Amino acid sequence: MTPLLQVKGLTKRYGARIGCQDVSFDLYPGEVMGIVGESGSGKSTLLNCLAGHLEADAGAVVFDTRADGPRDVRAMSEPERRMLARTDWAFVHQNPRDGLRMGVSAGGNVGERLMAVGARHYGNIRGQALDWLDRVEIAGDRIDDRPTAFSGGMQQRLQIARNLVTGPRLVFMDEPTGGLDVSVQARLLDLLRGLVREMGLSAVIVTHDLAVVRLLAHRLMVMKSGHVVEAGLTDQVLDDPQHGYTQLLVSSVLQA
Amino acid sequence: MNDYNFAYLDEQTKRMIRRAILKALAVPGYQVPFASREMPMPYGWGTGGVQVSAACLVPEDRLKVIDQGADDTTNAVSIRRFFERTAGVATTGRTRDATLIQTRHRIPEEPLTRDQILVYQVPIPEPLRFLEPRETETRKMHSLEEYGLVHVKLYEDIARHGQIATSYAYPVKVEGRYVMDPSPIPKFDNPKLESAAVQLFGAGREQRIYALPPHCKVVSLDFEDHPFEASKADHACDLCGSATSYLDEVIVDDAGGRMFVCSDTDYCETRRDAGHLGRLSASGPVTTGQEDAA
């Protein structure tokens, strides 16, 4: 099987400082990869390099495109990359305000990606928006409300609906549960797990919350100071940590 | 007349503006940056249109200036006098006699011919501005033809009002490529953008010129199930009886009395001279407060 995403030797430096260095991994269709580490360990930098928001200094990000098979995203032209970003890829920001248009109604937010790829039938766009609001457990009568009138958890669910409406194959998530209280987090995780399984999505999830990766991720990478210090199956890494930093990380979690 | 160079601007400036105009005509709908000059009038009064007009005028031209369809309102009068003084060209109120027409907010009702130039005053040339505030981003969207956002605006209109409520500055797609703001003309005028005349758009404050060459294809954006509609008030002109021209609503007393008149004053006068009558034309001054609303 061809990996959906192959990352080889990805490096990003901020001047003399290291953002992330020499990161390599393969992601297969339907697989969820978790990236954990403390703040400043380079996990967000890595995610932004993968998604094309930041220009990496070295390495390759090879994506298995629908049309032409595996291609290096970094060598693509900008129109191709932006097209990829709004069709086969999705990016869920930590703060829903970064990923939503706050001045546009929920329906318009969900419909934007559809219209961006050429949907021109109002009734169909609205129908799909309603369907997706339902899937992320937002009541249909809120479709014309702006996200400013939504709670934090609803905004995050709306952002997920907006991203998944075009049926992407790869989703990047940057701390999708950050800033939500625990009960809302639990429901969101439940929802995400259902969607990932149902749609056969591949995902790269950056988080510092070990509970999130235990629930969602099949495989795990632990980062420290820009380097990947340990990688493997999620339960293997969490239950039998080998590297000193991973041991520290796992033992730092409070048992409720 | 001798106090100014012909048509106020110096020759170097006119040359620069003409270059921008030629480029704009070559790439219909594309906004060409130009070095807009200070003009002896405030921004918002047509500084862009005046510069484009000045660069196009020749001594043989006959100039007409329209402000909201009328020839006799402040903006029209002051710009017409400006060119009478600085260029010494003949002026007219008649659409068919004019060779160059500068306009604000309207396209004349009478179809234009290939011998005419129509110059628009444009306040905000960027059709994506209120959707995406970053200029770097809107330029990228134009260059990559990413126009989904315009439809988000139209979607919001329908979601909120049940129909596309944008009634002026209605976005159009030019020759299947660039999305363009046709300046704040009513959407009733959008079909007239496909014209035999050269149409030039000048935005002074924003320093942009764009253009539509003759018979250029201009499509108003819409949804398949909510098609574009060139709407107007559902009345006939009370002075000349025209049922097809764009109408202004005028409040005539404090008891709910109102009348509808052609916004294009020249069109209305021409029809009245030809003997057409409207509902209020014979009865002299308007006094009634008892209009039947239909």
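Please refer to the structure higher up on the page.
All of the points below concern the structure found in this document. (Residues numbered from 1 in each chain as written. Chains lettered and ligands numbered in written order. Predicted model: local features only at pLDDT ≥ 70, side-chain atom pairs only at ≥ 80, totals over all residues. Heavy atoms only, no water.)

**Structural notes on helix α1 (residues 11-26) of chain B**
Here is step 1: With 16 residues, α1(B) extends 22 Å from end C-alpha to end C-alpha; this agrees with the ideal 22 Å at 1.5 Å per step.
Here is step 2: Buried residues in α1(B) make contact with β1 (32-33), α2 (47-56), β8 (198-203) and β9 (208-212) of chain B. (Helix = DSSP H or I, 4+ residues; strand = E, 2+ residues; numbered from the N terminus. Expected span 1.5 Å × (residues − 1). Contact = heavy atoms within 4.5 Å.)

**Considerations on the interface of chain B and chain A**
Here is step 1: If you look at the interface, chain B gives 21 residues, while chain A gives 22 residues.
Here is step 2: Contact with chain A buries surface across chain B, with B:Glu146, B:Val152 and B:Tyr155 losing the most and accounting together for 29% of the total.
Here is step 3: The interface formed by chain B and chain A includes four salt bridges.
Here is step 4: Here B:Lys140 and A:Glu78 are joined by a salt bridge, their closest N and O atoms 3.2 Å apart.
Here is step 5: At the boundary of chain B with chain A, the tally comes to 12 residue pairs in polar contact (both at pLDDT 80 or more). (Buried area = accessible area lost by both parts, 1.4 Å probe. Salt bridge = Lys/Arg side-chain N within 4 Å of Asp/Glu carboxyl O. Polar contact = N/O pair within 3.5 Å; in protein donor to acceptor, adjacent residues only side chain to side chain.)

**Some remarks on the sheet that holds strand β8 (residues 202-206) of chain A**
Residues and elements named next belong to chain A.
Here is step 1: Overall, mixed pairing links the six strands, which are arranged β6-β7-β8-β3-β9-β10 in an open sheet. In this open sheet, the two strands that pair with only one neighbour each are β6 (89-92) and β10 (227-233). Recorded for the sheet is a direction-independent mean angle of 15° between the axes of neighbouring strands.
Here is step 2: Seen against the sheet, helix α1 (residues 43-51) touches β3 (32-37), β6, β7 (170-174), β8 and β9 (219-224) and runs at an angle of roughly 150° to β7. (Pairing = 2+ DSSP bridges. Axes fitted to C-alpha atoms, helices over the stretch in contact; angles between N-to-C directions.)

**Some remarks on the side chain of B:Thr95**
Residues and elements named next belong to chain B.
Here is step 1: Take Thr95: it is sitting in the loop between β3 (90-91) and β4 (100-104).
Here is step 2: A polar contact is formed between the side chain of Thr95 and the side chain of Asp266, at a distance of 2.9 Å.
Here is step 3: With sequence-adjacent residues up to four places away left out, Thr95 is seen in contact with Lys64, Ile101, Pro108, Glu110, Leu112, Gln116 and Asp266.

**Here we look at the pairing of strand β1 (residues 5-14) of chain A**
Residues and elements named next belong to chain A.
Here is step 1: With seven of 10 residues buried, β1 is to be regarded as a mostly interior element.
Here is step 2: Two elements, β1 and strand β4 (residues 58-65), share five bridges in a ladder whose sense is antiparallel. Pairing of Val7 across the sheet is with Val61, part of β4.
Here is step 3: Bridge analysis of β1 against strand β2 (residues 17-27) gives seven bridges, and the strand direction is antiparallel. Within β2, the position partnered with Val7 by the bridge is Phe25.
Here is step 4: What sits between the antiparallel neighbours β1 and β2 is a turn of two residues, in which Gly15 has the positive phi angle 60°. (Buried < 20%, exposed > 50% of the residue type's maximum accessible area, 1.4 Å probe, protein only.)

**Here we look at unusual backbone geometry**
Here is step 1: In this model, A:Ser225 sits at a positive phi of 50°, which is unusual for a non-glycine residue.
Here is step 2: For A:Ser225, the position within the fold is in the loop between β9 and β10.
Here is step 3: For A:Ser225, a relative accessible area of 43% gives the class partly exposed.
Here is step 4: The phi dihedral of B:Glu175 is positive, around 50°, even though this residue is not glycine.
Here is step 5: Residue position: B:Glu175 is located in the loop between β6 (172-174) and β7 (178-180).

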